[in-house]
Amino acid sequence: FDAAENAIAATGDYAKNLSGNDFSVNAIIFILTDGCDNKSVLGTDAVKKVLAKLVKSEHLESIVTILIGVGTKYDPTVAKELNKFTTDAQLTQYIEIDDANAKTLSKLAAFVSKSISAQSNAIGTGSAAPSVSIPNLTI
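A. Representation of the overall build of the protein chain. From N to C terminus, the protein chain includes four helices and three strands. Reading the protein chain from its N end, one meets helices and strands in the order α-β-α-β-α-β-α. In the protein chain, which comprises 139 residues, the proportion classed as buried is 37%. Long-range pairs, those at least 24 residues apart, make up 78% of the contacts in the protein chain between residues at least 6 apart in sequence. Just so you have it, the protein chain exposes about 8,000 Å², and 52% of that area is on carbon and sulfur atoms.

B. Representation of the packing of helix H2 (residues 44-56) against helix H3 (residues 76-89). Two numbers describe how H2 lies on H3: the axes approach to 8 Å, and their chain directions differ by 45°. With respect to their mutual orientation, H2 and H3 come out oblique. Two packed elements cross with a definite hand, and for H2 against H3 that hand is right-handed. Only Phe85, Asp88 and Ala89 of H3 make contact with H2, whose side of the interface consists of Thr44, Val47, Lys48 and Leu51.

C. Seen up close, H3. Taking 1.5 Å per residue, 14 residues should reach 20 Å; H3 reaches 20 Å between its end C-alpha atoms and fits that length. For H3, the full list of buried residues reads Val78, Ala79, Leu82, Phe85, Thr86 and Ala89. Projected down its long axis, H3 shows its buried positions confined to an angular sector of 125°, all on one face. With respect to the buried face of H3, the exposed residues turned more than 90 degrees away are Pro76, Lys80 and Thr87. Its buried side turned inward, H3 meets helix H1 (2-20), strand S1 (26-33), H2, strand S2 (62-70) and strand S3 (93-97). At the exit of H3 stands Gln90, carrying a positive phi of roughly 60°.

Here is what the cut-offs are and how they apply
Residues numbered from 1 in each chain as written. Predicted model: local features only at pLDDT ≥ 70, side-chain atom pairs only at ≥ 80, totals over all residues. Heavy atoms only, no water. Helix = DSSP H or I, 4+ residues; strand = E, 2+ residues; numbered from the N terminus. Buried < 20%, exposed > 50% of the residue type's maximum accessible area, 1.4 Å probe, protein only. Contact = heavy atoms within 4.5 Å. Areas by Shrake-Rupley, 256 points an atom, 1.4 Å probe, with all protein chains shown as cover. Axes fitted to C-alpha atoms, helices over the stretch in contact; angles between N-to-C directions. Parallel < 35°, antiparallel > 145°, perpendicular 65-115°, else oblique. Left-handed = near helix turned anticlockwise from the far one by under 90°. Expected span 1.5 Å × (residues − 1). Arc of directions from axis to C-beta.

Listed below in structure tokens is the structure:
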């Protein structure tokens, strides 16, 4: 939770800097994890709060947050907890990668690239890019 909150807050700071210099700004944040929260000082509410603050700011046209659970097949409770975190923190999307191997990580890289491109191309539209479909990562 601490890392997610920090990434969102840092994105907000950078967006403020860019918009202050007359740049149009969209953001996309990828949060990759192989497990559940481990001794964070902050909780889900702090992540939700910083995200809501960023959304309400006038520094971004849109923001997309994607939580990616890696190796979820090894512990079914992890996927359940990550889904709950996505919902509770109001993140945009949750993706599972059952096993991290060359094939699935290559597909993930392609998804990340397409998502960044789509979000970048959405600048000036006033809304986030449509969701990019991700190929089956349970190979």
